[in-house]
Amino acid sequence: MLLLTLLVCFSPSVLGQLEESQFADEIDSDFADFDLGIAPRRVPRQVKTILSKETKPHIQELSIKTTIISRYAFTAVYCAMLNRHSAATEGVFQFQVPANAYVSNFTIPEPEVEVFRMAANIPGRNRAVFLLTYEELLQRRLGRYEHVTSLRPLQLVSRLTLDVTIVDHSPITDLQVLPLRNGRSSSASSSETGPKTPAKLEPPVTTVIKNEKNVCKITFSPNIVQQAKITTNGLLGDFVIRYDVQRDMGIGDIQVLNGHFVHYFAPKDLPVVPKNVVFVIDTSASMLGTKIRQTKDALFTILRDLRPGDRFNFISFSNKIKVWQPNRLVPVTPLNVRDAKKFIYTLATTGGTNIDDAMQTGSSLLRDYLSGPDASPNSVSLIIFLTDGRPTVGEIQSTVILGNTRSAVQEKFCIFTIGIGNDVDYRLLERMALENCGMMRRIHEEADASAMLKGFYDEIGTPLLSDIRINYTEDSVQYVTQHLFTNYFNGSEIVIAGKLTNQSAEILHVQVTASNSDKSIILETDVPLRHRQIETEKHVKAATAAMAAGARTPGSGSMQGLGVALGSIAEDFVERVWGFLSVKDGLRSRLRSQTSKEREDHIQQATNLSLTYHFLTPLTNLVVEKPEVLADGSMAPAPTITPAAGSAANELPGDTEEGEPQKPNGKPGGQTSSVRNTIGKAARRPAKKSITISKTSADGDPHFVVEFPLSKLTVCFNINGEPGHILRLVSDHKYSGVTVNGKLIGAPAPPGSHKQQRTYFSTITIVVDHPKRAYIEVTPKKVILDGRDRMVLPCHSTVAVDSGALSVSIVGKSNVTVTIGGNISFVILLHQYKNPAPYQRDHLGFYIGQSKGLSHNCHGLLGQFLYEEVGLAELPAQGDMKPSPILKVKDRSVPVVQKSRKIYSGTQSVDCWFARNNAAKLIDGQYEDYMSSHMFDTGDWPHGTNRV
């Protein structure tokens with residue numbers, strides 16, 4: 001998306017007095033500004049020769065300044081051209097903008113980029129200044145954001161400067177500046193797929209990197225000699241920056257500014273969802289040679305990356321359709337992989353291109369499998385379709401093929417399309433993917449198709465969530481951008497923006513629901529709006545300061561004015577992100593529209609937003625009035641963005657953006673209203689179920705409390721363990737299959753305490769062996785659930801995961817409830833300190849909720865008392881000693897004293913009979929008998945491995 005501010009001005013001033021013989025002196029003065037290690041006039045002869053032969057205006061200065069605020073990039077380009085000749089000469093300003101920019105006028109479409117081109121007639125001995133600004137939202141692919149600046153001025157430049165500042169709410173991680181990337185092959189393979197690059201690659205010469213946690217500054221300023229060493233034709237290549245940000249687990253990062261919000265959601269540490277994939281491969285005659293060879297190489301590699309839980313099949317098509325395994329999808333086994341490799345190896349190229357029949361066959365194959373008994377209900381299903389041509393056999397009308405494909409898919413799976421070369425109907429592939437919740441990727445004729453195919457598969461080959469719905473407090477938001485997504489793939493990111501209806505509201509409730517394998521996931525939290533507004537303002541202030549610093553203004557050789565102007569735009573960056581996403585939603589919805597009225601509505605919404613934010617899109621035109629040379633040196637008139645003539649009928653390449661792994665409505669072909677998407681009843685927060693728990697617990701230092709309902713007595717005791725000790729709390733491994741262990745952490749004793757140190761539970765694990773093995777590990781910060789899959793959940797958000805026999809429910813920053821088989825439940829309290837004293841540590845409290853499912857043979861420090869009864873008696877008085885109370889436990893008499901204990905985070909006090917000396921005689925054996933060798937030790941009392 002371009003916010004296009006194009007200024008063109010001519011400056012005669014002293015330049016009008018220059019003679020051609022003086023031009024060399026000016027060049028020398030330009031060199032004097034750089035530390036070349038040689039005298040200014042000892043510029044290499046080759047460079048002087050190149051400059052002397054230039055007939056077009058010389059670029060005196062090309063300065064590019066980018067500021068990235070929370071993944072939203074503002075770029076300003078300043079180009080000053082000098083016509084050193086006496087006659088007027090045409091100067092051409094040409095700049096490649098990123099692939100996701102929408103450009104209409106002055107455009108030369110190319111696979112990886114769009115080229116903005118502007119020509120102006122520069123009078124003799126005059127200088128022209130071009131200013132261009134544009135904006136883009138960086139996409140996250142394979143765990144990295146990538147920002148690309150094209151440095152292709154087509155000539156050597158006297159002063160070339162690139163300045164990129166990254167400011168983020170979260171710390172910046174994995175920062176990498178790649179070597180200059182040139183040539184279409186390398187550009188495509190790296191830019192499109194975004195593979196992780198080895199750290200050994202060095203950044204371009206003169207690159208300076210300053211990384212300060214949340215702010216990173218990168219500059220690149222090669223002088224004219226250093227440019228010539230790279231290339232003499234001015235095609236330096238792409239300057240590529242990759243990075244990621246540190247993210248907390250849970251609901252994601254939400255930023256609030258001036259009545260708008262933006263929500264970045266990129267969960268991690270989730271188990272992979274199994275996928276059902278059908279590869280549909282073009283084997284027509286045009287694929288002969290390098291294309292089919294590279295395709296086969298990529299498929300061989302992809303086969304190795306399929307996971308055991310996946311199902312797959314291959315279809316090849318030309319005039320005829322060939323199915324590797326008719327009427328089924330096969331599991332990933334060594335034998336099936338071997339046979340698939342044989343099928344791929346024998347693929348031969350011949351005939352025409354029957355796209356329609358190929359899509360019908362692949363769709364039918366996948367649809368029939370999904371309706372059969374072997375299909376996993378929560379798996380992700382997709383077709384990966386590859387072609388290098390247009391339909392030439394069978395149905396060749398694009399509209400009919402699209403309609404047939406929609407009917408065949410029936411909103412049951414997604415289609416991802418790949419085009420190779422220049423003879424592809426990319427419009428058809430783009431719409432086919434867009435209408436069926438997929439995305440399209442282009443591969444240039446000279447590109448390394450094998451690397452790009454593998455990279456594209458890597459992006460979509462690891463689904464983590466499906467059917468994602470993100471809702472916000474009802475009646476608190478409006479005009480929310482796309483908030484329903486079919487899939488979330490590992491390493492990508494979901495970005496949503498909206499308007500706040502009540503700017504004085506204190507809290508915004510956010511709820512994320514999704515599916516993962518056989519689990520339903522709910523994440524929810526309350527966002528403190530004022531706090532987030534203050535935090536967002538802080539890093540916007542840092543970003544705007546960076547924009548203004550060192551910038552240059554037109555006419556005076558500085559970009560300062562432009563930097564300040566961009567800074568004022570950046571102050572509303574959250575609103576601009578909302579506008580950016582809303583326009584994109586409108587353009588996508590336009591293509592999906594089934595009626596002319598729907599189409600017109602989406603066009604009107606997107607056009608209005610484009611004009612409001614001065615975005616140059618397929619629906620708007622840029623009108624530039626070329627300035628005249630005036631004696632008073634008046635500034636050129638600013639360009640205007642206007643609605644494009646006949647925009648309703650325009651179907652331009654680049655209407656939709658590649659690389660979108662998530663699509664709307666949780667199913668293919670869904671339709672959204674891009675800028676009028678409000679949250680309905682589904683956004684209401686579900687009522688929390690009340691939890692009844694017993695007093696039987698281990699909390700605090702740790703203080704153990706045991707409730708005996710039948711005896712109407714409560715007993716308490718302490719265990720004075722050492723840091724690192726692991727205590728067995730519940731042991732019922734042989735019967736119910738449940739074991740609970742807790743690990744101690746140490747802290748200094750508070751002043752005046754009789755203790756030398758304090759101990760708390762830092763980690764609690766619950767191991768379950770029936771009906772299958774699983775475990776849950778809880779710390780004050782996170783919960784790890786490991787069954788068939790492994791999932792990491794944050795403790796600061798409200799989360800619910802139901803996995804059949806085992807479920808976890810987290811109330812953010814409060815407690816974790818673990819339910820096993822419906823008749824066993826444990827509640828773990830989360831004790832966290834904002835500013836802990838030296839003797840305080842974040843720790844856990846363990847409470848037994850429901851114990852009906854635990855056997856009468858259950859043991860452990862708490863488990864051994866679940867089915868016991870105790871009696872209270874008194875020892876007779878002896879001498880001056882008063883009668884003393886004792887507990888009758890089994891055959892033992894335990895001296896006790898009466899105490900009061902606080903439980904449930906101090907909200908309730910309980911009177912109890914306290915047993916001294918590490919519960920001597922109260923518990924079976926000694927407390928050392930309850931020490932486990934590791935957190936997952938399930939040895940049973942008394943013959944297990946529960947002694948260190």
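These figures come from a predicted structure and were not determined experimentally.

Caption draft 1: Molecular detail of the overall build of the protein. When helices and strands are counted, the protein shows 15 helices and 51 strands. Relative to its 948 residues, the protein shows a buried fraction of 58%. For the protein, restricting intrachain contacts to residue pairs at least 6 apart in sequence, the fraction spanning at least 24 positions comes to 69%. When the accessible surface of the protein is totalled, it reaches about 37,900 Å², and 50% of it is carbon and sulfur.

Caption draft 2: Geometry of unusual backbone geometry. Note that the residue after Asp 701, namely Pro 702, is joined by a cis bond; omega there is -10°. With respect to the secondary-structure elements, Pro 702 resides in the loop between β34 (697-699) and β35 (703-708). Although it is not a glycine, Lys 813 sits at a positive phi angle of roughly 60°. Owing to a relative accessible area of 58%, Lys 813 belongs among the exposed residues under this scheme.

Caption draft 3: Spatial organisation of the packing of aromatic side chains. One pass over the structure, following the stated rule, counts 22 aromatic pairs. Measuring from ring centre to ring centre gives 6.1 Å for Phe 416 and Phe 489, while their planes differ by 80°; the resulting arrangement is edge-to-face. Here the residue Phe 416 occupies a position in strand β23 (residues 414-420), and Phe 489 occupies one in strand β27 (residues 484-489), the gap between them amounting to 73 residues. What makes Phe 416 buried here is its relative accessible area of 0%. Among the aromatic residues, ring-to-ring pairing joins Phe 279, Phe 312, Phe 314, Trp 324 and Tyr 457 into one connected group. Geometry around Phe 914 places Lys 899 over its ring, the cationic atom sitting 4.2 Å from the centre.

Caption draft 4: Inspection of the pairing of strand β4 (residues 72-83) at higher detail. Here β4 lies mainly inside the structure; twelve of its twelve residues are buried. The pairing of strand β3 (residues 58-69) with β4 spans eleven bridges and is antiparallel. Opposite Ile 69, over in β4, you have Tyr 72 as the bridge partner. Two successive antiparallel strands, β3 and β4, enclose a turn made up of two residues, where Ser 70 displays a positive phi of approximately 50°. Looking at chain direction, β4 and strand β8 (residues 126-137) are connected through twelve bridges and run antiparallel. Paired with Tyr 72 across the bridge in β8 is Leu 137.

Caption draft 5: Geometry of the state of the cysteines. Throughout the structure, instances matching the rule amount to two disulfides. Disulfide pairing places Cys 414 opposite Cys 437 at an S-S distance of 1.8 Å. Judged by the sign of its S-S torsion, about -105°, the bond between Cys 414 and Cys 437 is left-handed. Note that Cys 414 is positioned in strand β23 and Cys 437 in the loop between α9 (426-434) and β24 (440-443), a separation of 23 residues in sequence. What makes Cys 414 buried here is its relative accessible area of 2%.

Caption draft 6: Summary view of the sheet that holds strand β12 (residues 172-177). Across the sheet, which stays open at both edges, the four strands sit in the order β9-β10-β15-β12 with antiparallel pairing between neighbours. Because the sheet does not close on itself, it has two edges, and the strands there are β9 (140-141) and β12. Bridging between β12 and strand β15 (residues 237-245) involves four bridges; their strand directions are antiparallel. Across the sheet, Gln 176 pairs through a bridge with Arg 242, a residue of β15.

Caption draft 7: Broad picture of the nonpolar core. Residues Phe 717, Phe 826, Phe 846 and Leu 922 are the most contacted members of the largest nonpolar core, which totals 87 residues. In terms of residue count, strand β25 (residues 463-472) provides more of this core than any other element does, five residues in total. Ranked by size, the runner-up nonpolar core spans 40 residues in total, among them Phe 279, Met 287, Val 337 and Phe 343.

Caption draft 8: Representation of the environment of Pro 771 within the structure. Within the secondary structure, Pro 771 sits in the loop between β39 (757-768) and β40 (774-778). When the C-alpha positions of Pro 771 and Ser 736 are compared, they lie 9.3 Å apart, and in sequence the two are 35 residues distant.

Caption draft 9: Main features of the packing of α9 against helix α13 (residues 573-592). It is at 10 Å that the axes of α9 and α13 come closest, and there the two elements cross at 100°. In terms of orientation, α9 lies roughly perpendicular with respect to α13. Note on element contacts: α13 touches α9 through Arg 588, Leu 591 and Arg 592, opposite Arg 427, Arg 431 and Leu 434. Broken down by class, the residue content of the contact of α9 with α13 amounts to two nonpolar, no polar and four charged.

Caption draft 10: Focus on the confidence of the model for the protein. For the protein, the average pLDDT comes to 80, and 81% of its residues sit at 70 or higher. For the stretch residues 1-5, pLDDT sits under 50, and the model shows 37 contacts to residues farther than four places along the chain or on other chains. Low pLDDT (under 50) marks residues 645-690, which in the prediction has 162 contacts with non-local residues, meaning those over four places away or in another chain.

Caption draft 11: Main features of the side chain of Asp 238. Take Asp 238: it is sitting in strand β15. Of the polar contacts made by the side chain of Asp 238, one reaches the side chain of Arg 152; its length is 2.6 Å.

Caption draft 12: Region of interest: the pattern of salt bridges. Tallied over the entire structure, the rule returns 32 salt bridges. Across the pair Arg 71 and Glu 493 runs a salt bridge whose closest N-O atoms are separated by 3.3 Å. Taken together, the positions of Arg 71 in the loop between β3 and β4 and Glu 493 in the loop between β27 and β28 (494-500) put the pair 422 residues apart, joining distant regions of the chain. You can call Arg 71 buried: its relative accessible area is 2%. What makes Glu 493 buried here is its relative accessible area of 10%. Its salt-bridge partner being Asp 305, residue Lys 454 comes within 2.7 Å of it at the nearest N-O pair. Highlighted residues: Lys 454 in helix α10 (residues 449-460) and Asp 305 in helix α5 (residues 290-305), separated in sequence by 149 residues. Taken together, the shared-partner salt bridges in this structure form one network comprising Arg 71, Arg 140, Asp 168, Asp 244, Arg 247, Asp 253 and Glu 493.

Caption draft 13: Layout of α10. Compared with an ideal rise of 1.5 Å per residue, which puts twelve residues at 16 Å, α10 spans 17 Å between its outermost C-alpha atoms and is within 8% of the ideal. Of all twelve residues that make up α10, ten are buried, and the element is covered over most of its length. For α10, the full list of buried residues reads Ala 449, Ser 450, Met 452, Leu 453, Lys 454, Gly 455, Phe 456, Tyr 457, Glu 459 and Ile 460.

About the cut-offs
Residues numbered from 1 in each chain as written. Predicted model: local features only at pLDDT ≥ 70, side-chain atom pairs only at ≥ 80, totals over all residues. Heavy atoms only, no water. Helix = DSSP H or I, 4+ residues; strand = E, 2+ residues; numbered from the N terminus. Buried < 20%, exposed > 50% of the residue type's maximum accessible area, 1.4 Å probe, protein only. Contact = heavy atoms within 4.5 Å. Areas by Shrake-Rupley, 256 points an atom, 1.4 Å probe, with all protein chains shown as cover. Phe/Tyr/Trp six-rings, centres within 6.5 Å; stacked < 30°, edge-to-face > 60°. Lys NZ or Arg CZ within 6 Å of the ring centre and 35° of its normal. Pairing = 2+ DSSP bridges. Disulfide = S-S within 2.5 Å. Core = buried A, V, L, I, M, F, W, Y, C linked by side-chain atoms within 4.5 Å. Axes fitted to C-alpha atoms, helices over the stretch in contact; angles between N-to-C directions. Parallel < 35°, antiparallel > 145°, perpendicular 65-115°, else oblique. Nonpolar A, V, L, I, M, F, W, Y, C, P; charged D, E, K, R; others polar. pLDDT = per-residue confidence, 0-100. Polar contact = N/O pair within 3.5 Å; in protein donor to acceptor, adjacent residues only side chain to side chain. Salt bridge = Lys/Arg side-chain N within 4 Å of Asp/Glu carboxyl O. Expected span 1.5 Å × (residues − 1).

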